[in-house]
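Now for the letters of each chain:
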Amino acid sequence: MREILGRRLQRLRDRFQSLRPDPRQSGTACALLDSALVCATTWQWPVLPGVGRSATDGSRCACPDPDCVVPGAHPFDPGLLAATTDPRMVAWWWTNRPTAPVLMATGGAAPCAVSLPAGAAARALVRLDAQGMRLGPVVATPTRWSLLVAPYSLERLGELLYAKDHVPSSLRFHGEGGYLLLPPSAASSGGQVRWEREPQPHPRPRRGKQQPRQVQPQSTTEPEPRGAVNLWLPEVEAVVDALVEASSGAPGGGSRLAY
């Protein structure tokens, strides 16, 4: 899988060489563009650049809000609706803003996510692994982990949560109209975003086994782009019980996101 992605990424580099950041830019800047291109073209995840940190004060967000609770790690200009899988637009964005965080617009045909405090998430993964549950990608910051799941509607999520006796405030859902910070962006709470579980390709179906969920490309009017890879994503129902249990009593309630 790594070799296949590496060859495809090299072709993308060659195709957009004229749009690449200046070679004198840091390795981090090139890694951010590489990540955005893979997400947009190989995985068909709509992405856009985050607002980033202030040029004069790296501890503050570049947005106008002096009390921003997720400094640097949210959309601003462009807004969330601009998220795209067009590699030309992606290359242009990160050529002009090479250190911008990589954001994925969740929902629709793109993955959704469920996030919870890092310690609780680690416990939940141990439980799910012990149950033999195959998980999808897991995005980790120093304070929170996010489990990517198959797309779900707000109505479906509401029915699922309504059946629970209690849903901890530290558990958050990233569905349609939401977004997720992706590696190797800088986390708003410090440190760097990383893959706790890297994306894995959709497995070949086996006789007698339940068919895994595929995530289709965002557009329903155009054929699937060449080189696109279907990734494994569990349904939200398969993981929510373990996440609710692990999040109960975990710190991180209230309105501060602290990604």
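Computed from a predicted model, the values in this text were never measured in an experiment.

### Overview of the sheet that holds strand E2 (residues 102-105)
Alright, step 1. Taken in spatial order, the 3 strands of this open sheet run E1-E2-E7, and their pairing is antiparallel. Both edges of this open sheet fall to strand E1 (47-49) and strand E7 (179-182), since each of them pairs with a single strand only. Recorded for the sheet is a direction-independent mean angle of 35 degrees between the axes of neighbouring strands.
Alright, step 2. Packing against the sheet, helix H2 (residues 27-42) makes contact with E1, E2 and E7, and its axis sits at approximately 155 degrees to E1.
Alright, step 3. Contacts between helix H3 (residues 87-96) and the sheet are confined to E1 and E2, with E1 contributing the most and set at about 20 degrees to the helix.

### Re the pairing of strand E5 (residues 144-149)
Alright, step 1. In terms of burial, E5 is a largely internal element, 6 of the 6 residues being buried.
Alright, step 2. Where burial is concerned, the two faces of E5 agree: the one with Arg144, Ser146 and Leu148 and the one with Trp145, Leu147 and Val149 are both buried.
Alright, step 3. Pairing of strand E4 (residues 138-140) with E5 involves 3 bridges; the strand directions are antiparallel. Bridge pairing in E5 places Ala140 opposite Trp145.
Alright, step 4. Between E4 and the antiparallel strand that follows it, E5, lie 3 residues.

### As for the packing of aromatic side chains
Alright, step 1. This structure, assessed with the given rule, holds 4 aromatic pairs.
Alright, step 2. Taken together, a centroid distance of 5.0 Å and an interplanar angle of 50 degrees make the contact between Trp43 and Trp45 tilted. Note on accessibility: Trp43 and Trp45 belong to one class, buried.
Alright, step 3. For the ring pair Trp45 and Trp195, a centre distance of 6.4 Å and an interplane angle of 55 degrees mean the geometry is tilted. Of this pair, Trp45 sits in the loop between H2 and E1 while Trp195 sits in strand E8 (residues 194-197), and the two are 150 residues apart along the sequence.
Alright, step 4. A relative accessible area of 21% places Trp195 in the partly exposed class.
Alright, step 5. Here a set of aromatic residues connected by ring pairs shows up, and it is made of Trp43, Trp45 and Trp195.

### Examining the sheet that holds strand E3 (residues 112-117)
Alright, step 1. Taking strand neighbours across the sheet as the criterion, the 5 strands line up as E6-E3-E5-E4-E8 in an open arrangement whose pairing is antiparallel. Each end of this open sheet is capped by a strand with a single partner; those strands are strand E6 (172-174) and E8. Recorded for the sheet is a direction-independent mean angle of 30 degrees between the axes of neighbouring strands.
Alright, step 2. Examined bridge by bridge, E4 and E8 share 3 bridges and lie antiparallel to one another. Residue pairing across strands places Val138 opposite Arg197, the latter belonging to E8.

Cut-offs applied
Residues numbered from 1 in each chain as written. Predicted model: local features only at pLDDT ≥ 70, side-chain atom pairs only at ≥ 80, totals over all residues. Heavy atoms only, no water. Pairing = 2+ DSSP bridges. Helix = DSSP H or I, 4+ residues; strand = E, 2+ residues; numbered from the N terminus. Axes fitted to C-alpha atoms, helices over the stretch in contact; angles between N-to-C directions. Contact = heavy atoms within 4.5 Å. Buried < 20%, exposed > 50% of the residue type's maximum accessible area, 1.4 Å probe, protein only. Phe/Tyr/Trp six-rings, centres within 6.5 Å; stacked < 30°, edge-to-face > 60°.

Honestly, it's all geometry; don't read function into it.
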